[in-house]
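Topology and contacts: notes
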Amino acid sequence: MSIENISCQKSFGGWHKRYRHRSTVLNCDMTFAVYLPPQVEQGEKLPVLYWLSGLSCTDENFMQKAGAQRLAAELGIIIVAPDTSPRGAEVPGDPDGGWDFGLGAGFYLNATQAPWDRHYRMHDYVVHELPALIEASFQVSDKRGISGHSMGGHGALVCALRNPGRYQSLSAFAPIANPMTVPWGEKAFSRYLGEDRSTWREWDASLLIAKAAEQLPILIDQGDRDDFLLTQLKPETLRSAATAANHPLTLHLQAGYDHSYYFIASFIDDHLRHHAKALKG
């Protein structure tokens, strides 16, 4: 459970730090980033918001581009951003050289097919191993929230829906809401999980929401000028499923916004306040 600090920067009275550790779940070294608000140095135990990034990203994208630290410092919320997949020379990538599978594209599931099953178990890493490491290494409370963007939005939804009671708050930006029916999801699921589509259902938020054991309120922001809106994301499918299940979901279709971090930075404060309401009361 040891971690190695590899960088440290002061930010809004707190600290942005990056760490490396050996993951037993993923069978490789992993890097994650953490923002520690100034209240940590005052002895206060703070809740943790886990942020899951999208395709081709690392732990650095959100921390450098979203502009979340100012309000996180004010609200007293720790932010943890893991990498998006296992890494290393021993970890297989996309055999076709694509950017939407393999390295940088773990899809936050547990692979069952060789050779992916040896390393690509990002669901267990995000839900269990990383929080255990955070809670052993930092001064945190027992409150957890989860959020993410695109593939990471899919991950946040699935992690919360599959693990009732694990998180107290949930949100997403432009999530891949119905991955079973879109090219990104079909490519990843067929390789990680195999060709039996019945096994894919456990990793699709639009299907999981119908049998959710906990009705955790969901906040989603989606840009209406997102190039992936109709072909890859399908938020209306999730909204319809939530309505049918009477699951609380707020979906904002934001006029003029695309899929970029300009979009995320524009609405990240709304999401932080959404999480703070649940995490801090």
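Details of the structure are given in the entry above.
Reference entry: report on the structure contained in this document. (Residues numbered from 1 in each chain as written. Predicted model: local features only at pLDDT ≥ 70, side-chain atom pairs only at ≥ 80, totals over all residues. Heavy atoms only, no water.)

Moving on: the packing of aromatic side chains. One pass over the full model with this rule turns up 17 aromatic pairs. The interplanar angle of 75° and the centroid separation of 6.4 Å between the aromatic rings of Phe 107 and Phe 189 together place this pair among those described as edge-to-face. Pair noted here: Phe 107 is in the loop between β5 (78–82) and α3 (122–137) and Phe 189 is in helix α5 (residues 183–192), with a separation of 82 residues, a long-range link. Residue classification places Phe 107 among the buried residues on the basis of a relative accessible area of 0%. Relative accessible area serves as the criterion here: at 0%, Phe 189 is assigned to the buried category. Grouping aromatic residues by their ring pairs yields a cluster made of Trp 51, Phe 62, Phe 173, Tyr 257, Phe 263 and Phe 267. The positively charged end of Arg 162 is found above the aromatic ring belonging to Trp 203, 3.8 Å away from the centroid. The aromatic ring of Phe 101 is capped on one face by Arg 191, whose charged end is 4.9 Å from the ring centroid. (Phe/Tyr/Trp six-rings, centres within 6.5 Å; stacked < 30°, edge-to-face > 60°. Helix = DSSP H or I, 4+ residues; strand = E, 2+ residues; numbered from the N terminus. Buried < 20%, exposed > 50% of the residue type's maximum accessible area, 1.4 Å probe, protein only. Lys NZ or Arg CZ within 6 Å of the ring centre and 35° of its normal.)

Before going further, it helps to spend a moment on the environment of Ile 218. Along the chain, Ile 218 turns up in strand β8 (residues 218–223). You can call Ile 218 buried: its relative accessible area is 2%. It is 18 Å that separates the C-alpha atoms of Ile 218 and Gly 54, two residues lying 164 residues apart in sequence. Aside from chain neighbours lying at most four places away, what touches Ile 218 is Leu 157, Leu 170, Ile 209, His 247, Pro 248, Leu 249 and Thr 250. (Contact = heavy atoms within 4.5 Å.)

Scope: geometric values only; no functional claims are made or implied.
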